[in-house]
Amino acid sequence: MTRRELIEHLRAANHPQYTHADVEQLVRILFEHMSQTLAADGRIEIRGFGSFRLRHRPLRPARNPLTGERVMAPASVVIRFKPGKELARRVNAARAPTAKSTPDRR
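Numbering of residues starts from 1 in every chain and runs along the sequence as written. In keeping with the model being predicted, local features are shown solely for residues with a pLDDT of at least 70 and side-chain atom pairs are shown and tallied solely at 80 or more, while totals for entire chains, interfaces and linings include all residues. Just so you know, side-chain values use all the structure's heavy atoms and leave hydrogens and water out.

1. Regarding the pairing of strand S3 (residues 60-63)
Look at any regular strand and the pattern is simple: side chains alternate between the two faces of the sheet.
Part 1 of the argument: Direction of pairing for S3 relative to strand S4 (residues 70-73): antiparallel, over a ladder of four bridges. Residue Pro-61 lies in a different strand from S4, and its bridge partner there is Met-72.
Part 2 of the argument: The loop that links S3 with its antiparallel partner S4 comprises six residues; one of these, Gly-68, has a positive phi angle of about 80°. A pair of strands counts as paired when DSSP detects no fewer than two bridges linking them. Numbering of helices and strands runs from the N terminus, with a helix taken as a DSSP run of H or I at least four residues long and a strand as a DSSP run of E at least two residues long.

Now the structure itself:
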């Protein structure tokens, strides 16, 4: 789902009384606040959906895949998303194989 699709879905399905510009501004404010929180080394937890946190990776040895030369990979920060129990349950239920889709193993 793209940002534009999210805005259209929120407006059409849930809040038709708001203009496209109003919903777009709310989504932009939400994403900006989330970005600022992560940039400030914060953690974001949305109950039932999941949590975002930063994972700090130290300077570490690596290998240049073209030359095979050993190099040091720089320290970095990675955003980690951990799905909540409710989201994981919904995704697994939607992706569970049905009786028709399982292959016949004779």
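2. Examining the packing of helix H1 (residues 3-14) against helix H2 (residues 20-39)
Part 1 of the argument: As a rule, the C-alpha atoms of each element are fitted with a line to give its axis, helices using only the stretch in contact, and angles between N-to-C directions run from 0 to 180 degrees. Where H1 contacts H2, the axes come no closer than 9 Å and their chain directions differ by 125°. Taken as axis vectors, H1 and H2 run oblique relative to one another. Pair H1 / H2 crosses with right-handed handedness. Contacts between H1 and H2 involve Arg-3, Leu-6, Ile-7, Glu-8, Leu-10 and Arg-11 from the former and His-20, Val-23, Glu-24, Val-27, Arg-28 and Phe-31 from the latter. Angle categories: roughly parallel below 35 degrees, roughly antiparallel above 145, roughly perpendicular from 65 to 115, and oblique for all the rest. Crossing chirality is assigned from the near helix's rotation relative to the far helix, an anticlockwise turn below a right angle marking it left-handed and a clockwise turn marking it right-handed. Only heavy atoms matter for contacts: two residues are in contact if any of them lie within 4.5 Å across the pair.

3. Overview of the pattern of salt bridges
Part 1 of the argument: In the sections that follow, a salt bridge refers to a side-chain nitrogen of Lys or Arg positioned within 4 Å of a carboxyl oxygen of Asp or Glu. Scanning the model with the defined rule gives four salt bridges in all.
Part 2 of the argument: Residues Arg-43 and Glu-45 are paired through a salt bridge, measuring 3.0 Å at the closest nitrogen-oxygen approach.
Part 3 of the argument: Burial here depends on accessible area, computed with a 1.4 Å probe over protein chains only, as a share of the maximum for the residue type. Under 20% is buried, over 50% is exposed, and the range in between is partly exposed. Given a relative accessible area of 42%, Glu-45 falls into the partly exposed group.
Part 4 of the argument: Beyond isolated ion pairs, a larger network of salt bridges with shared partners links Arg-43, Glu-45 and Arg-47.

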